[in-house]
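One-letter residues, chain by chain:
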Amino acid sequence: MTNTPAKAGLLGIPYDENSSFCRGPAKAPASIRSTLQGGSLNSGCENGVNLKDSPQWLDLGDLAITGANDFVREIESGCDKLLGQGMRLLTLGGDHSISYPIMRAYARHYPKLNILHLDAHYDLYDSFKGNRLSNACPFARIMEKNLCSRLVQLGIRTLNQHQVEQAQRFKVEMVEMRHWQTGHLPEFDGPVYLSLDIDALDPAFAPGVSHREPGGFSTREVINLIHNLKVPLVGADLVEFNPDKDIDGITAQLCAKLVKEIAGKMLNSL
């Protein structure tokens, strides 16, 4: 890590070419920013941080991706450069495939990193529809490359035998939604990176997703999980919001709220 004073920044990655069902998440960063800046929300976070007043909170704009052939290299390189400048990143996807190159960059700067993954899906496929970089595969690639010391998955409610075998292979700690106890969060002994797929929440709270899977978290449950982390939150991605599927801006408002609460937690960790 550099000796530059740490800051936290919002980085958009409007990329959805690895979506396994339908496109749309590439539009999410612009939609979330529009909601954040639209005047209906103030900049105060529940933990007392005010983003508008914090010189440590920056909007880093969007990372330009030239195409599917280079997306891993371009995301990894862009994130690595910012991390090397002392930034901690809250990244707006985009589909979930962006988490793999982000973690390639993070692993250089945080070699003992824990990942907390909230999702309806495991995203552990070895390959999906012939694509090993699909949004259904990022955590298989992350674990193959040993990019984290621990992967904890919460909210899962779609499971098949292949993914059970993958989870066992990589020693993933998983808590299916049917077994999750409200308020329960595993203990971590080091910094955490949060990967939050918006379909972790029940579609009643987040209709604007490509894969609606009933039976998920409430908004309050997710916010409480974020606030209850007892270790530094050094990075996060918020992925799979699909504005084309949203209803009356409900999911855009949810994402903007989660951006604020994640940012507030990250800033308290500096």
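Right above here is the structure, for reference.
Just so it is clear, the model here is predicted, and its values are computed rather than measured.

Caption draft 1: Layout of the overall build of the chain. When its secondary structure is counted, the chain shows seven helices and eight strands. For the chain, whose C-alpha radius of gyration is 17 Å, the value lies close to the compact-globule estimate of 18 Å for 270 residues. Along the first, second and third principal axes, the C-alpha set of the chain runs to 50 × 40 × 40 Å. Counting all 270 residues of the chain, 60% fall into the buried class. A sequence separation of at least 24 residues applies to 78% of the contacts in the chain between residues at least 6 apart. Accessible area for the chain stands at about 11000 Å²; split by element, carbon and sulfur atoms hold 48% of it. Positive and negative side-chain charges in the chain, numbering 27 and 31 respectively, have mean positions lying 4 Å apart.

Caption draft 2: Summary view of the sheet that holds strand β7 (residues 192-197). In spatial order, the strands read β2-β1-β3-β8-β7-β4-β5-β6; together these eight strands make up an open sheet with parallel pairing. What marks the edges here is a single partner per strand, and that holds for β2 (57-62) and β6 (173-176). Averaged over neighbouring strand pairs, the angle between their axes works out to 15° when direction is ignored. In this sheet, strand β8 (residues 233-239) lies alongside strand β3 (residues 87-92) in parallel orientation, the contact comprising three bridges. Note that in β8 the partner of Leu 92 across the bridge is Leu 238. Strands β1 (7-12), β2, β3 and β8 of the sheet are contacted by helix α1 (residues 28-36), whose axis makes an angle of about 125° with β1.

Caption draft 3: Highlighting the state of the cysteines. Within this structure, the stated rule accounts for zero disulfides. Free of any disulfide, Cys 45 has its nearest cysteine sulfur in Cys 255, 15 Å distant.

Caption draft 4: Region of interest: the side chain of Ser 20. Note that Ser 20 resides in the loop between β1 and α1. The exposure class of Ser 20 is buried, given its relative accessible area of 14%. Within the structure, the side chain of Ser 20 is placed 3.1 Å from the side chain of Asn 135, a separation counted as a polar contact. For Ser 20, the residues in contact, after removing those within four places along its chain, are Phe 128, Lys 129, Ser 134, Asn 135 and His 211.

Caption draft 5: The pairing of β8, seen in detail. Across the seven residues of β8, seven count as buried, placing the element largely inside the fold. Of the strand pairs in this sheet, β7 and β8 are connected by six bridges, and their pairing is parallel. What sits directly across from Asp 197, in β8, is Val 239.

Caption draft 6: Structural context of the environment of Asp 244. By the element assignment, Asp 244 lies in the loop between β8 and α7 (250-268). For Asp 244, a relative accessible area of 47% translates into the label partly exposed. As a C-alpha pair, Asp 244 and Val 209 span 35 residues in sequence and 8.4 Å in three-dimensional space. Sequence-distant contacts of Asp 244, defined by excluding residues within four places in its chain, comprise Arg 23, Gly 24 and Lys 27. Here the side chain of Asp 244 touches Lys 27 through a polar contact of 3.0 Å, side chain to side chain.

Parameters at a glance
- Residues numbered from 1 in each chain as written.
- Predicted model: local features only at pLDDT ≥ 70, side-chain atom pairs only at ≥ 80, totals over all residues.
- Heavy atoms only, no water.
- Helix = DSSP H or I, 4+ residues; strand = E, 2+ residues; numbered from the N terminus.
- Rg over C-alpha atoms; globule rule 2.2 N^0.38 Å.
- Buried < 20%, exposed > 50% of the residue type's maximum accessible area, 1.4 Å probe, protein only.
- Contact = heavy atoms within 4.5 Å.
- Areas by Shrake-Rupley, 256 points an atom, 1.4 Å probe, with all protein chains shown as cover.
- Lys, Arg positive; Asp, Glu negative; His and termini not counted.
- Charge placed at Lys NZ, Arg CZ, Asp CG, Glu CD.
- Pairing = 2+ DSSP bridges.
- Axes fitted to C-alpha atoms, helices over the stretch in contact; angles between N-to-C directions.
- Disulfide = S-S within 2.5 Å.
- Polar contact = N/O pair within 3.5 Å; in protein donor to acceptor, adjacent residues only side chain to side chain.

Any link to function would need more than the numbers given here.
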